[in-house]
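Now for the letters of each chain:
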Protein chains: 4
Amino acid sequence: MTFYSANRIPYGMVGGGRNALIGSVHRLAANLDGNFELVAGALSSEPERAKASAADLGLSPDRAYATYEDMAKAESARPDGIRAVVICTPNHVHAGPAKAFLEAGIHVICDKPLTATLEDAEELNEAVKASGKVFVLTHNYTGYPMVREARSRVRSGELGEIRVVHVEYPQDWLAKPLENTDHKQADWRTDPARSGPGGCVADIGTHAFHLARFVSGLRVARLAAELSSFVPGRVLDDNVQVMLKFENGASGMLWASQVAPGHENGLRLRIYGERSGLEWTQADPNYLWVSELGQPRKLITRGGHGSGSESARYIRVPAGHPEGYLEAFATIYTEAAAAVRASDSGEPAPRELLQPGIDDGLEGMRFIYACLESSKRNSAWVGLER
Amino acid sequence: MTFYSANRIPYGMVGGGRNALIGSVHRLAANLDGNFELVAGALSSEPERAKASAADLGLSPDRAYATYEDMAKAESARPDGIRAVVICTPNHVHAGPAKAFLEAGIHVICDKPLTATLEDAEELNEAVKASGKVFVLTHNYTGYPMVREARSRVRSGELGEIRVVHVEYPQDWLAKPLENTDHKQADWRTDPARSGPGGCVADIGTHAFHLARFVSGLRVARLAAELSSFVPGRVLDDNVQVMLKFENGASGMLWASQVAPGHENGLRLRIYGERSGLEWTQADPNYLWVSELGQPRKLITRGGHGSGSESARYIRVPAGHPEGYLEAFATIYTEAAAAVRASDSGEPAPRELLQPGIDDGLEGMRFIYACLESSKRNSAWVGLER
Amino acid sequence: MTFYSANRIPYGMVGGGRNALIGSVHRLAANLDGNFELVAGALSSEPERAKASAADLGLSPDRAYATYEDMAKAESARPDGIRAVVICTPNHVHAGPAKAFLEAGIHVICDKPLTATLEDAEELNEAVKASGKVFVLTHNYTGYPMVREARSRVRSGELGEIRVVHVEYPQDWLAKPLENTDHKQADWRTDPARSGPGGCVADIGTHAFHLARFVSGLRVARLAAELSSFVPGRVLDDNVQVMLKFENGASGMLWASQVAPGHENGLRLRIYGERSGLEWTQADPNYLWVSELGQPRKLITRGGHGSGSESARYIRVPAGHPEGYLEAFATIYTEAAAAVRASDSGEPAPRELLQPGIDDGLEGMRFIYACLESSKRNSAWVGLER
Amino acid sequence: MTFYSANRIPYGMVGGGRNALIGSVHRLAANLDGNFELVAGALSSEPERAKASAADLGLSPDRAYATYEDMAKAESARPDGIRAVVICTPNHVHAGPAKAFLEAGIHVICDKPLTATLEDAEELNEAVKASGKVFVLTHNYTGYPMVREARSRVRSGELGEIRVVHVEYPQDWLAKPLENTDHKQADWRTDPARSGPGGCVADIGTHAFHLARFVSGLRVARLAAELSSFVPGRVLDDNVQVMLKFENGASGMLWASQVAPGHENGLRLRIYGERSGLEWTQADPNYLWVSELGQPRKLITRGGHGSGSESARYIRVPAGHPEGYLEAFATIYTEAAAAVRASDSGEPAPRELLQPGIDDGLEGMRFIYACLESSKRNSAWVGLER
């Protein structure tokens, strides 16, 4: 991959105004490799805040829009208009903007989960397919080099048939009823009107699910879930435990929690095959434990000895110099840029691109709904529709 | 606790002859604190091997018995006869000897799981209750000082109401069909005739279950399990995943596996309460992670700063000098010795003793059977009878 | 700190052409927060390579210079000329360009160590002081948030008087005579003509030295060193061990090595005071161990509970999402940008800026020379001139 | 090795009475494998305390001696007298008892350092040589299986020529003037009259020194040391830093400290050769990191895959079940038992025994004195006499 480009793709942003945590992360990630330049925004649903946020970011006042509809319309009409838009609003404001920009011929990079509801997701899926435009879903954890190293090892057959998959994503930030204080993040993420019917399962459960899918390459055939809301008064789930059965017969467990004291973003994946096992932890992302049966465990470092050629292409700095979350996120953006450039040139997307897209988003929504259904049905096994 | 005694309790052993792995461990554990002295044995069902094993251990030839029945009879008749017996045979040879010795007025220390079948367990339970003798089940992991530190912290209320419990015990030694080679351990542990209907779930699942129970103090109300036999040709389960629901409403997950490459004895417990979380790992037993909400994580060391007075009584060497598996196992023996001495003096057992007993054994068997039933019933929730 | 700016400072680069590892790192770091834009370069001493490298990076052909002298002259004459230059050439080509650009009124950001020789360093020091321009030395490790957290804790007095300081920087990449192969990095770094009289001590010993100084705030009064060249045929040192005596009476040890198998960039700092100790490791930079006497050890995470307000300003993404080497490096650049902007506005530099400068560079050169002298004098203590 | 024996060697103990920490450790270690039985003692220099301590331990009253001289005389005259004595008194009471028992024909197991002064050490050395009796010095850390694994790997040549050795032993228990409180351990260990002229360097510096010697097999040719007494009013050193030069040309550093907050018993050894490196840490003794150049790092576990046949003989429980400090200590005792049995049978000691002896003790004393001399001579290099 080329990590520094002189040819920045102009892009706009929906959401991500002042004090919006994830908006800043998207901008840093988009900027890191020099592939994107922010030139327009509908940064807030509150007009004054939208304008002020745009000024903070040095946007030209005429490209600081009050609504995403305005932005889609105006930008598609400009000769120097944005070629891509980043959507980092609450879940219920994903589908609307995404469809608007796709229809305006603008590529879309969208935060996860795909939408608030499965209905929205299915409609958006059709819109994406119809548009022919690039659609990227920022399951950013898949951008970590050692995640890709793990994926590459699984695909090489080195593990043999996979038997067991464990993935977990515990956090503790919602262990108290933070939504009752003036905490914007907690507020919308615990509100079904804005998040959709899934709480923890949608917010971070989908990350865990997608990571397991991405690395193992296996599809989940069915699942049995139990969702809980431990904090009194909370409507959405804040702890979810799931048993998984994969199509190849492997068993698995998924745990996501927002009420597990001591965990910040404790995403962790373990995969066990006939011949070898792998373990990766997001908080220490430059390491991959490889456990071949009958051998001592090996600690592979990002770009270090034993780190393969497939992961090498996602590495910016030498082994022993850690890369982090932003770099992983930036890799998704850099792959998005490659996809956008290919699309705009009328060429097929490079085969090596791995950024998540609409299919992953739709599958994530089906995962959420299957968990909800199973939990309602007393944790009965529920199939995961293809 | 007194870790060195000049007053050794004479004991005998059933099983544990030449090349029997766990017999040697029991002897070292029994010996460590000086509370027990081995003086008799029915060390093998093969008479020649029994005799040779007894000679190895320096037993008097007249106390090297061909059968446990002989031993129970002869020792109970001797004025200097054994006061306790250790049973470390395969599961299906627990109940018989245990009942024989109890009936002969001899205290019993028995390896886990309690028996091969629930029927045997229930009968043994009655025999223990009827005998008035001490019965200790060697769920040895509960003897680790930091496990007791964890238990003490839960009981103090420091965690608040418990919400989530995770326990796992992965191993990899049966990832290949070892039972098809000349491997004695693998042979009987994968054979329903000797192990009973549970494989992995009985052998190590019960350890995990008991550890969660011991530390959390919570009872499991119901569970939903999926047992698998991944190795071709294996009859008993070698991977078990369970969702737990505790009586107080807490959710939990239990995973035990014998086919997870990279794991030797990866027993690990994590408990999350309203206010704090705990994490303990058997392979690094001298540490306890304590995660109070809103505070940095603390690493408590065995006997170090922050390690409490309740765990202090189980500590033999100063902080920073690790204790291991044998010391934990020895603590169970030292508690057994205290119980035996109290019983033989007609006094009540000291209140601070925590060694597992018949109730834990019976509960463990019910856990096995509930897992088997749930798994057969497509992972339906199954109640855990009290 | 503001991590995203719409106002990019135009800069040029000396060195850093095709295949130059560190040049790419500087560009990514300069770009990450959006404060700098590369517009000119004298990217290689080989004209063809310089031109091709400039094209790779999208530089305008008229700003792709054959020599740094040309660049300094031409850029200072342009109304849109560069305001800063980044020098990332081998050590012996630091002083010349730095002086040329300072004289041309252009701010300088220079890789470490300051120069190849102490004489050059002293001249450059005078040139910087005379110019009134910003001079930044990229001791990038000081940009890690948890390094700043550590520094802040020391300054707060929380440790009490410091007694012991340990710093080490082991690597293994030169454990074999790589300079005899076609390895550009190894070639110049082991060549006294380009590196100066110090090998390992200059390349990474100065990083370790500066980190200890930066965090502890203590000055080294004297040192006793032993330099070795373990690889046969190597002229410069590849292992250096040093005993330090600080002005406050603290003792210390510094170890740097390029021949220590298993270490990639094993920079680690430990500081022990009367009341508390700190430990930080570059490979796991988001953690800081804090060991208060009489308390359990605490693991502070970047931005997590217990992480202070002073380090908070250097943090881009939430706790539990790791930041890495590029982010730390970028912080030095972002501080450089703030210093450049202040200077160009005729304002004093913001007081909170901590980026290393000419004084650190000069002190580093004195450290190198003191180590060389001590080693030649049989490890006698040598004072470190102020 | 045989870890359980029915043939216990009767032994006595000098020191180790009530509340004497290390006495209890010696008894547990001696007892663990069943090779020794405590039958006599001169457990305290205070007669009442000696008597009470003997009663605690169940000694026959006639074998509870008031002085070690009485014990040596009486026991050597008994047909069932002790065959070995354990000396665990303060340093200045090592040489006297040791000589008395050797002269009485009784084997000696002695705590470290060998004596309080070099003069005593040299006299004792002659006494041991003259006696022909077994003399064991309890540098117990060398009993850890993974220390022996490390030693075996060095000897196999797998590392190639050794270049760098780092060993450290930090503690924090004397960071405050504990000797001014009523703390018995702190009292004598900081008192030159009882400890000898070395404080930290003697108490734990010798452990670090011996460990480096034991594993590397290299002799130290010379050293340069700086000893400090950081705690006001303390006479003996509480922090010692040493540069080492080995006879083969390897460089090394040794650090021992009693004032390093956060460290309990932080003994750690790292050895770097031409082809591979090793790292071992006492607090996590069941692991050995092996870093072969050009390979990912491997984590060898005690008895696990990659753990060699030479270390296997020191292992009591299966891989994944940790062993600790007592087991390592017990291994020294079990080797002592083998040496005692061989000596008493008139046979040569088994060649595979590795327990430290009088030569190690004498070398340790020379190390202490060389450090003292170097420190007085402004850290000049001082040769280490053979």
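Rules used throughout
- The numbers attached to residues start from 1 for each chain and follow its sequence in the written order.
- Ligands are numbered from 1 and chains lettered from A, in the order in which they are written.
- At least 70 in pLDDT is required for a residue's local features to be given in this predicted model, at least 80 for side-chain atom pairs to be given and counted, and no such filter applies to totals for whole chains, interfaces and linings, which use all residues.
- No hydrogens and no water enter the side-chain calculation; it runs on all heavy atoms of the structure.
- By definition, any uninterrupted DSSP run of H or I lasting at least four residues is a helix, any uninterrupted run of E lasting at least two residues is a strand, and each is numbered from the N terminus.
- The quantity called the radius of gyration is restricted to C-alpha atoms. Its globule counterpart is 2.2 Å times the number of residues to the power 0.38.
- Type-normalised accessible area, obtained with a 1.4 Å probe on protein chains alone, sets the label of each residue: buried when under 20%, exposed when over 50%, and partly exposed for intermediate values.
- Working rule for contacts: check all heavy atoms of both residues, and any pair within 4.5 Å makes them a contact.
- In this description, accessible areas are obtained by the Shrake-Rupley approach with a 1.4 Å probe, and a residue is regarded as covered only by the protein chains that are shown.
- The convention is simple: Lys and Arg are positive, Asp and Glu are negative, and His and the chain ends are not counted.
- Lysine's charge is taken at NZ, arginine's at CZ, aspartate's at CG and glutamate's at CD.
- Here, expected helix span is obtained from the residue count minus one, scaled by 1.5 Å.
- The buried area of a pairing is the accessible area, by a 1.4 Å probe, that goes missing from both parts when the two are put together, added over both.
- The term salt bridge refers to a side-chain nitrogen of Lys or Arg lying within 4 Å of a carboxyl oxygen of Asp or Glu.
- Pairs of N or O atoms within 3.5 Å make up the polar contacts considered here, provided that, within protein, one atom can donate a hydrogen while the other can accept it, and that residues adjacent in sequence are counted only when both atoms are side-chain atoms.
- The classification used treats Ala, Val, Leu, Ile, Met, Phe, Trp, Tyr, Cys and Pro as nonpolar, Asp, Glu, Lys and Arg as charged, and all other residues, Gly among them, as polar.
- For the least-squares superposition of copies, only C-alpha atoms count, and only for residues with pLDDT at least 70 in both.
- Here, strands pair whenever DSSP counts at least two bridges between them.
- Throughout, an axis means a line fitted to C-alpha atoms (over the contacting stretch in the case of helices), and angles, computed between N-to-C directions, take values from 0 to 180 degrees.
- Oblique is the label for every angle not falling under 35 degrees (roughly parallel), over 145 degrees (roughly antiparallel), or within 65 to 115 degrees (roughly perpendicular).
- In this scheme the crossing of two helices becomes right-handed for a clockwise turn of the near helix relative to the far one and left-handed for an anticlockwise turn of less than a right angle.

Quick word on the overall build of chain A
Next, step 1: Within chain A, the regular secondary structure consists of 12 helices and 14 strands.
Next, step 2: The globule rule puts the C-alpha radius of gyration for 386 residues at 21 Å, and the 20 Å found for chain A is close to it.
Next, step 3: Seen along its three principal axes, the alpha-carbon backbone of chain A occupies a region of about 65 × 50 × 40 Å.
Next, step 4: When each of the 386 residues of chain A is scored for burial, the buried share is 66%.
Next, step 5: Considering only contacts within chain A whose residues lie at least 6 apart along the sequence, 69% involve residues at least 24 apart.
Next, step 6: With the model as given, the accessible surface of chain A reaches about 12,600 Å², and the carbon-plus-sulfur share is 48%.
Next, step 7: Here chain A carries 41 positive and 48 negative side-chain charges, and the mean point of each set is 4 Å from the other.

Comments concerning helix α5 (residues 118–131) of chain A
Residues and elements named next belong to chain A.
Next, step 1: Counted at 1.5 Å a residue, the expected span for α5 with its 14 residues is 20 Å, and the 20 Å between its end C-alpha atoms agrees.
Next, step 2: Considered for burial, the residues of α5 that qualify are L118, A121, L124, N125, A127 and V128.
Next, step 3: Looking at the packing, one finds that the buried side of α5 touches α4 (95–103), β5 (135–137) and α12 (358–376).
Next, step 4: G132, located one to two residues past α5, shows a positive phi value of around 75°.

Regarding the interface of chain C and chain A
Many descriptions give the size of an interface as the accessible area lost when the pieces come together.
Next, step 1: Taken residue by residue, the interface counts 39 residues in chain C and 39 residues in chain A.
Next, step 2: Across the chain C to chain A interface the summed buried area is about 3,300 Å²; carbon plus sulfur atoms make up 56%.
Next, step 3: For the pair chain C and chain A, the interface holds 0 salt bridges.
Next, step 4: On inspection of chain C and its partner chain A, the count reaches 19 residue pairs in polar contact (both at pLDDT 80 or more).
Next, step 5: For the side of chain C that touches chain A, the secondary-structure elements that each account for two or more residues are α1 (21–32) and α11 (325–344) of chain C.
Next, step 6: For the side of chain C that touches chain A, a count of residues per class yields 21 nonpolar, 10 polar and 8 charged.

Some words on the relation of the copies chain A and chain B
Next, step 1: Take chain A, turn it by 180°, move it 0.0 Å along the axis, and it overlays chain B with an RMSD of 0.0 Å. Taken together, these values place the two copies in the relation of a two-fold axis. By C-alpha distance to the rotation axis, the residue of chain A lying nearest is A380 of chain A, at 3.4 Å.
Next, step 2: Take the interface residues of chain A: 100% of them recur as interface residues in chain B, which is what a same-surface contact looks like.

Some points on the sheet that holds strand β5 (residues 135–137) of chain D
Within a sheet, adjacent strands bond to each other through the backbone by hydrogen bonds, running parallel or antiparallel.
Residues and elements named next belong to chain D.
Next, step 1: If you walk across this open sheet you meet the 5 strands as β2-β1-β3-β4-β5, and the pairing is parallel. Looking at which strands have only one partner, the edges of the open sheet turn out to be β2 (36–42) and β5. On average, adjacent strands in this sheet sit at an angle of 25° to one another, irrespective of strand direction.
Next, step 2: Packed onto the sheet, helix α11 (residues 325–344) meets β1 (9–14), β2, β3 (84–87), β4 (107–110) and β5 and runs at close to 165° relative to β4.

Remarks on the packing of helix α9 (residues 200–216) of chain B against helix α12 (residues 358–376) of chain B
Residue and element names in this part refer to chain B.
Next, step 1: Interaxial distance between α9 and α12 falls to 9 Å at its minimum, and their mutual angle equals 120°. Our classification of the angle between α9 and α12 gives oblique. Judged by the twist between their axes, the crossing of α9 over α12 is right-handed. The segment α9 lies against α12, with V201, A202, G205, T206, F209, H210 and R213 engaging D360, E363, G364, F367, I368 and C371.
Next, step 2: Within the contact of α9 with α12, the residues separate by chemical class into 6 nonpolar, 4 polar and 3 charged.

Some words on the relation of the copies chain C and chain A
Next, step 1: Aligned on chain A, chain C shows an RMSD of 0.0 Å; the corresponding rotation is 180° and the shift along the axis is 0.0 Å.
Next, step 2: Taken as a fraction of all interface residues of chain C, those also at the interface in chain A reach 100%, which identifies the copy contact as same-surface.

Some thoughts on helix α1 (residues 21–32) of chain B
Next, step 1: Helix length check: α1 of chain B, at 12 residues, gives a terminal C-alpha distance of 17 Å against a target of 16 Å (1.5 Å per residue), a fit within 8%.
Next, step 2: Most of α1 of chain B is tucked away: 9 of the 12 residues are buried.
Next, step 3: Along α1 of chain B, the residues classified as buried are G23, V25, H26, R27, L28, A29, A30, N31 and L32 of chain B.
Next, step 4: Residues of α1 of chain B that are buried sit in contact with β1 (9–14), β2 (36–42), β3 (84–87) and α11 (325–344) of chain B together with α1 (21–32) and α11 of chain D.
Next, step 5: Looking one or two residues beyond α1 of chain B, the residue adopting positive phi is G34 of chain B, at roughly 80°.

Looking at the sheet that holds β2 of chain B
Residue and element names in this part refer to chain B.
Next, step 1: Strand order across the open sheet formed by 5 strands is β2-β1-β3-β4-β5, with parallel pairing between neighbours. The two strands at the open ends of the sheet, each matched to only one other strand, are β2 and β5 (135–137). Recorded for the sheet is a direction-independent mean angle of 25° between the axes of neighbouring strands.
Next, step 2: Here β1 runs beside β2; their pairing, made up of 6 bridges, is parallel. Counted as the bridge partner of P10 is E37 from β2.
Next, step 3: Against the sheet, α1 makes contact with β1, β2 and β3, and its axis sits at roughly 170° relative to β1, the strand it touches most.

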